Amino acid sequence: MLEDEKLVALEVEVADHIATVTLVGPGKGNAMGPDFWRELPIVFRAIDAEEDVRAVVLTGSGKNFSYGLDLPAMAPNFAPLLADGALAKARTEFLRHLRGLQDSVNAVAECRKPIVSAIAGWCIGGGVDVVAATDIRLSTVDAKFSVREVKVAIVADLGSLQRLTGIIGDGHLRELALTGKDIDGAYAEKIGLVNHTYADQESLLTAARELAAELATNPPLVVQGIKDVLDASRGPQVTAGLRYVGAWNAAFLPSRDLQEAVQSFVERRSPDFRGE
């Protein structure tokens, strides 16, 4: 599996019917740059096709799961849309690129093997999108989660708004998405974002591997069938929501508030949003 692929942002190890997929950067805090988005569907579609793999553990290297989208590395894909008077071509290219990113996360959700996320440290933006596409989430008690896109004048568009409502409920999702606030693992467990929390990263990974091993002992086709049935009604709603947010952002993402978010980030100051 994956013998012909040279991976940069992900590492894959397979043992005892379990594939461990680890985010390894190269961006700081395992930030998600072009290599990550290219490799994610390759890895999870290969895992899906590998009969020897019956369960997956997804985790991050170092102290954090992921800081989310690697903004400097991904900036060239968004720059044309930020230009004054961006016309149909720039918006169409943005939509094409965005749907490619959505497809990368969809590859995780569509993998027929059960996936356990083991989350320590920060899990921001795109990191939340990815773990929302997995089946079971575990974290350290002090992990930090944030659906932070609103803070940078963006409507989250890679799956959090579509998938989290079935995980934490509409009220909790609205609070997280509309405020962009950070929550810790203890609160994430309280609202159902994670199933269980652990004192430290070592015990977290041990628990994730034990859970994956338990999943791997069950009849694999039945496990795949359970996932298929659970996704039968949810999947079309997610697909429709992703297409809608893609069109919405292609139409309305360019704004002075987005430019202000970028400029304030560069200047290390608080943004002054004016609804323009």
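So, a few notes on the structure that sits alongside this text. (Residues numbered from 1 in each chain as written. Predicted model: local features only at pLDDT ≥ 70, side-chain atom pairs only at ≥ 80, totals over all residues. Heavy atoms only, no water.)

Notes on the overall build of the chain
Part 1: What the chain contains, in helices and strands, is 11 helices and 9 strands.
Part 2: Against the globule reference of 19 Å for 276 residues, the chain gives a C-alpha radius of gyration of 18 Å, in line with a compact fold.
Part 3: On the principal axes, the C-alpha backbone points of the chain span a range of 55 × 35 × 35 Å.
Part 4: Each of the 276 residues in the chain was classed as buried or not, and the buried ones make up 47%.
Part 5: Excluding contacts between residues fewer than 6 apart, the proportion of contacts in the chain whose partners are at least 24 apart in sequence is 72%.
Part 6: Accessible surface, the chain as shown: approximately 13600 Å² in total, 54% of it carbon and sulfur. (Helix = DSSP H or I, 4+ residues; strand = E, 2+ residues; numbered from the N terminus. Rg over C-alpha atoms; globule rule 2.2 N^0.38 Å. Buried < 20%, exposed > 50% of the residue type's maximum accessible area, 1.4 Å probe, protein only. Contact = heavy atoms within 4.5 Å. Areas by Shrake-Rupley, 256 points an atom, 1.4 Å probe, with all protein chains shown as cover.)

Some details on the sheet that holds strand 4 (residues 115-119)
For sheets, the rule is that strands pair by backbone hydrogen bonds, running either parallel or antiparallel.
Part 1: Taken in spatial order, the 6 strands of this open sheet run 1-2-3-4-6-9, and their pairing is mixed. Lying at the two open borders of the sheet, with one neighbouring strand each, are strand 1 (10-15) and strand 9 (196-198). Each neighbouring strand pair of the sheet contributes to a mean axis angle of 20°, computed without reference to strand direction.
Part 2: Taken together, the 6 bridges between strand 2 (residues 18-23) and strand 3 (residues 55-60) define a ladder with parallel strand orientation. Paired with L23 across the strands is G60, a residue of strand 3. (Pairing = 2+ DSSP bridges. Axes fitted to C-alpha atoms, helices over the stretch in contact; angles between N-to-C directions.)

Let's talk about the pairing of strand 6 (residues 136-140)
Part 1: When you tally the buried positions in strand 6, you get 5 out of 5 residues, the bulk of the element.
Part 2: Two strands pair when backbone bridges link them, and strand 4 and strand 6 are joined in this way by 4 bridges, in the parallel orientation. Note that in strand 6 the partner of V116 across the bridge is I136.
Part 3: Examined bridge by bridge, strand 6 and strand 9 share 3 bridges and lie parallel to one another. Each bridged residue has a counterpart across the sheet, and for S139 the counterpart in strand 9 is T197.

Points about helix 9 (residues 201-216)
Residues lying three or four places apart along an α-helix face the same way, a consequence of the helix completing one turn every 3.6 residues.
Part 1: Between the first and last C-alpha of helix 9 there are 22 Å, a value that for 16 residues agrees with the 22 Å anticipated at 1.5 Å per step.
Part 2: Residues of helix 9 that are buried include every one of L204, L205, A207, A208, L211, A212, L215 and A216, and no others.
Part 3: On its buried face, helix 9 sits against strand 2, strand 3, strand 4, strand 6, strand 9 and helix 10 (220-252).
Part 4: For helix 9, the N-terminal cap is D200; the gap from its side-chain oxygen to the backbone nitrogen of E202 is 3.3 Å. (Expected span 1.5 Å × (residues − 1). Polar contact = N/O pair within 3.5 Å; in protein donor to acceptor, adjacent residues only side chain to side chain.)

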